Amino acid sequence: MPEPIIGAPAPAFSLPATGKRTVELADLRGHAVVLYFYPKDNTPGCTQEGLDFQALSAEFAALGAVILGVSRDSVASHEKFRAKQGFSFDLLSDPQETACRAYDVIRKKNLYGKTVLGIERSTFLIDADGVLREAWRKVKVKDHAAAVLERLKAL
């Protein structure tokens with residue numbers, strides 16, 4: 001699937017989420033959306049990334065933004081991860097990789113000398129009208145949440 005285009009409507013999605021609900025991008029119109037894709041619950045980098053977004057969550061909310069984390073983990077795994085880390089935002093489960101493929105984050109990775117397909121840590125900023133405004137690929141966790149917040153302030 002082609003990479004989503006900055007300035008074009010963000011790819012639609014409807015995914016099961018924590019809190020026993022389904023989250024659809026269309027239902028979030030009127031809010032900016034920070035959609036971050038991460039490889040796996042309860043791993044060091046993914047935990048830190050979530051904690052960094054959580055630390056700034058009040059600032060994102062003050063700007064009208066919704067934070068959503070997405071991985072291929074199950075909703076049950078997400079519920080445990082969210083509770084353990086104290087995340088106030090929802091985590092979305094994408095085991096069929098529908099959103100992952102729509103946002104073109106499934107990449108070949110080298111894992112212990114073996115090539116596997118996995119999620120490339122990526123974040124997308126979608127404006128209140130559903131338009132993709134920024135994409136970060138191959139994200140390095142350190143200072144990333146703060147950079148996303150600064151870009152949101154510039155919208």
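Located above this text is the structure these notes cover.
About the thresholds
Here the residue index of a chain counts from 1 through its sequence in written order. Note on the predicted model: pLDDT of at least 70 is required for a residue's local features to be given, and 80 or more for side-chain atom pairs to be given and counted; whole-chain, interface and lining totals, by contrast, use all residues. Excluding hydrogens and water, the side-chain figures rest on all heavy atoms present in the structure. Working definition: rings of Phe, Tyr and Trp (its six-membered ring) pair if their centres are within 6.5 Å, and the pair is stacked with planes under 30 degrees apart, edge-to-face with planes over 60 apart, and tilted otherwise. Runs of E in the DSSP output that reach at least two residues are strands. Runs of H or I that reach at least four are helices, and both are numbered from the N terminus. Think of it in three bands: residues with accessible area under 20% of the maximum for their type are buried, residues over 50% are exposed, and the middle band is partly exposed, with areas taken using a 1.4 Å probe on protein chains only. Helix span, expected: 1.5 Å multiplied by one less than the number of residues in the helix. To be clear, the arc concerns the directions from the helix axis to the C-beta atoms. Whether two residues are in contact is decided by their heavy atoms, any of which lying within 4.5 Å being enough. Residues are said to line a cavity or pocket when one of their atoms sits within 4 Å of a point; the points come from a 1 Å grid over protein atoms alone, cavities being sets where a 1.4 Å probe fits but cannot get out and pockets being open sets with protein on both sides within 12 Å along at least five of seven lines. Grid points are joined across faces, edges and corners, and a volume is the space filled by probe spheres set on the points. Residues are grouped as follows: nonpolar covers Ala, Val, Leu, Ile, Met, Phe, Trp, Tyr, Cys and Pro; charged covers Asp, Glu, Lys and Arg; every other residue, Gly included, is treated as polar.

Caption draft 1: Spotlight on the packing of aromatic side chains. According to the stated counting rule, one finds eleven aromatic pairs in the structure shown. With 4.7 Å between their ring centres and 25° between their planes, Tyr36 and Phe53 make a pair best called stacked. Taken together, the positions of Tyr36 in strand β3 (residues 32–37) and Phe53 in helix α1 (residues 44–55) put the pair 17 residues apart, joining distant regions of the chain. As far as burial versus exposure is concerned, Tyr36 and Phe53 are alike and both buried. On the basis of an interplanar angle of 90° and a centroid distance of 5.3 Å, the ring pair of Phe81 and Phe87 is categorised as edge-to-face. The rings of Tyr36, Tyr38, Phe53, Phe60, Phe81, Phe87 and Phe89 are connected pair by pair, giving a single aromatic cluster.

Caption draft 2: Structural detail: α1. Counted at 1.5 Å a residue, the expected span for α1 with its twelve residues is 16 Å, and the 16 Å between its end C-alpha atoms agrees. Listed in full, the buried residues belonging to α1 are Cys46, Thr47, Glu49, Gly50, Phe53 and Gln54. Mapping the buried residues of α1 onto a view down its axis gives an arc of 160°, with all of them on the same face. Structural note: α1 exposes Pro44 and Ala55 on the side pointing more than 90 degrees away from its buried face. Summarising the contacts, the buried residues of α1 are in contact with β3, α2 (57–62), β4 (65–71), α3 (75–85), β8 (122–126) and α5 (144–153).

Caption draft 3: Highlighting empty space enclosed by the protein. Summed over the entire model, instances satisfying the criterion amount to one cavity of 30 Å³ or more. What the largest cavity holds in volume is close to 30 Å³. Around the largest cavity, the lining residues are Leu25, Leu28, Arg29, His31, Val33, Ile126, Asp127, Ala128 and Gly130. The class makeup of the residues in the lining of the largest cavity is five nonpolar, two polar and two charged.

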